[in-house]
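Chains, contacts and geometry: an overview
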Amino acid sequence: MHYQVNNWNIGVGNISILGVSASSLFIVGDSHEIHLASLFDTPPESYVVGVDNTTRRNEELITDVPAND
Amino acid sequence: MTRVKQLKMESLSYSSIFQIGDAKEIEPRADVLAVQKEGGISSDKGFELEQYPIFNTELYPLQDHETVTGEHCNHHPNISVSSIFINGVSSSGVVQLGSNKHINAISKIKHIRMLTDNNKGENH
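Keep in mind that this is a model prediction, so the values were computed, not measured.

Procedures and definitions
Residues numbered from 1 in each chain as written. Chains lettered and ligands numbered in written order. Predicted model: local features only at pLDDT ≥ 70, side-chain atom pairs only at ≥ 80, totals over all residues. Heavy atoms only, no water. Helix = DSSP H or I, 4+ residues; strand = E, 2+ residues; numbered from the N terminus. Rg over C-alpha atoms; globule rule 2.2 N^0.38 Å. Buried < 20%, exposed > 50% of the residue type's maximum accessible area, 1.4 Å probe, protein only. Contact = heavy atoms within 4.5 Å. Areas by Shrake-Rupley, 256 points an atom, 1.4 Å probe, with all protein chains shown as cover. Core = buried A, V, L, I, M, F, W, Y, C linked by side-chain atoms within 4.5 Å. Buried area = accessible area lost by both parts, 1.4 Å probe. Salt bridge = Lys/Arg side-chain N within 4 Å of Asp/Glu carboxyl O. Polar contact = N/O pair within 3.5 Å; in protein donor to acceptor, adjacent residues only side chain to side chain. pLDDT = per-residue confidence, 0-100. Pairing = 2+ DSSP bridges. 1 Å grid on protein atoms, 1.4 Å probe; cavity = no way out; pocket = protein on both sides within 12 Å on 5 of 7 lines; lining within 4 Å. Points joined across faces, edges and corners; volume = space filled by probe spheres on them. Nonpolar A, V, L, I, M, F, W, Y, C, P; charged D, E, K, R; others polar.

A few points about the overall build of chain B
- The helix and strand tally for chain B stands at 1 helix and 8 strands.
- Sequence-ordered secondary structure for chain B, helices as α and strands as β, is β-β-β-β-α-β-β-β-β.
- Against the compact-globule benchmark of 14 Å for 124 residues, chain B has a radius of gyration of 21 Å, which places it well outside the compact range.
- In terms of overall dimensions, chain B has a C-alpha envelope of 65 × 40 × 25 Å along the principal axes.
- Buried positions account for 35% of the 124 residues belonging to chain B.
- Considering only intrachain contacts with a sequence separation of at least 6, the fraction spanning at least 24 residues in chain B is 80%.

Here it is as structure tokens:
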């Protein structure tokens, strides 16, 4: 594919953005190549109800890997 | 050339980049583990990033199916913006006033919510 870009006068007044988050991009200019990737693991999948295994995990870490102390 | 009269940004965090001017390569990376536990957390022990597969996942770039060739004619070299307001930039977000060749941003975010059993049925 071949393409031609003609940049004439570009003028913008006001820009208001609430958030640029998680590998998002806001650019005033040119870019040749853009790769944006984002991995999410959020609730409800990450809910842990009634099981507190952090204490056990702490013990495991302390006994198994002394360097973690 | 980018001409911006005024820019206001409230916050910039977690591997985010605010670039004024041109750049060749921008590659921000962010690994985020957000833990909320009822009763609070006293230590980050037991929450090492390595034990969650999401942080070990390797992302392979998409293959280029087509090579694009082109030419730019800058009849008027300026892009002018009178004012920009950005509330927040976070987790490998990029804000740039200028041009670049290559951007490669990756963010991996995992949330964990830990509730005690007596809250079952509430807090959905």
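Some words on the overall build of chain A
- Looking only at helices and strands, one finds 1 helix and 5 strands in chain A.
- When the helices and strands of chain A are placed in sequence order, the string is β-β-β-β-β-α.
- Carbon and sulfur atoms provide 53% of the accessible area of chain A, an area that totals close to 4,600 Å².

Observations regarding the nonpolar core
- If you look at the biggest cluster of nonpolar residues, it comprises 12 residues: Ile15, Ile17, Val20, Phe26 and Val28 of chain A together with Ile79, Val81, Ile84, Ile86, Val89, Val95 and Leu97 of chain B.
- Mapped onto this core, the elements with two or more residues apiece are β2 (10–21) and β3 (25–28) of chain A together with β6 (79–90) and β7 (94–97) of chain B.
- The greatest single-element share of this core, amounting to 5 residues, is contributed by β6 of chain B.
- Setting aside chain neighbours within four positions, we find Phe26 of chain A in contact with Ile15, Ile17 and Val20 of chain A together with Ile84, Ile86, Val94, Val95 and Gln96 of chain B.
- Tyr52, Ile54, Ile112 and Met114 of chain B belong to the second-largest nonpolar core, a separate cluster that totals 7 residues.

Thoughts on the interface of chain B and chain A
- Counting from both sides, the interface comprises 66 residues of chain B and, opposite them, 57 residues of chain A.
- Taking both partners together, chain B and chain A bury about 5,300 Å²; carbon and sulfur atoms supply 51% of that area.
- Taken together, the links from chain B to chain A amount to 1 salt bridge.
- In this structure, the connection of chain B to chain A is made through 53 residue pairs in polar contact (both at pLDDT 80 or more).

Here's the deal with the confidence of the model for chain B
- For chain B, the mean per-residue pLDDT works out to 87, and 94% of the residues sit at or above 70.
- Predicted complex metrics record ipTM = 0.82 and pTM = 0.75.

What to know about the pairing of strand β8 (residues 100–115) of chain B
- Among the 16 residues that make up β8 of chain B, 14 are buried, leaving the element largely enclosed by the rest of the structure.
- Pairing of strand β4 (residues 31–41) of chain A with β8 of chain B, which is carried by 10 bridges, proceeds in the parallel orientation. Bridge pairing in β8 of chain B links Glu33 of chain A to His102 of chain B.
- For strand β5 (residues 47–49) of chain A and β8 of chain B, the ladder comprises 3 bridges, and the chain directions are parallel. Opposite Val49 of chain A, over in β8 of chain B, you have Leu115 of chain B as the bridge partner.

Topic: the layout of surface pockets
- Considering only enclosed or pocket space, the largest pocket measures out at about 440 Å³ in volume.
- Taken together, 16 residues make up the lining of the largest pocket; nearest its centre are Glu33, Ile34 and His35 of chain A together with Leu62 and Asp64 of chain B.
- At the level of elements, β4 of chain A together with β8 of chain B are the ones that each hand at least two residues to the lining of the largest pocket.
- The dominant element in the lining of the largest pocket, judged by the number of residues it contributes, is β4 of chain A, at 6 residues.
- Taken together, the residues of the lining of the largest pocket sort by class into 9 nonpolar, 4 polar and 3 charged.
- The calculated volume of the second largest pocket comes to roughly 240 Å³.
- Residue lining of the second largest pocket: 16 residues in total, with Asp30 of chain A together with Met1, Thr2, Pro77 and Ser99 of chain B positioned closest to the centre.
- Looking at the lining of the second largest pocket residue by residue, the class counts come to 6 nonpolar, 8 polar and 2 charged.

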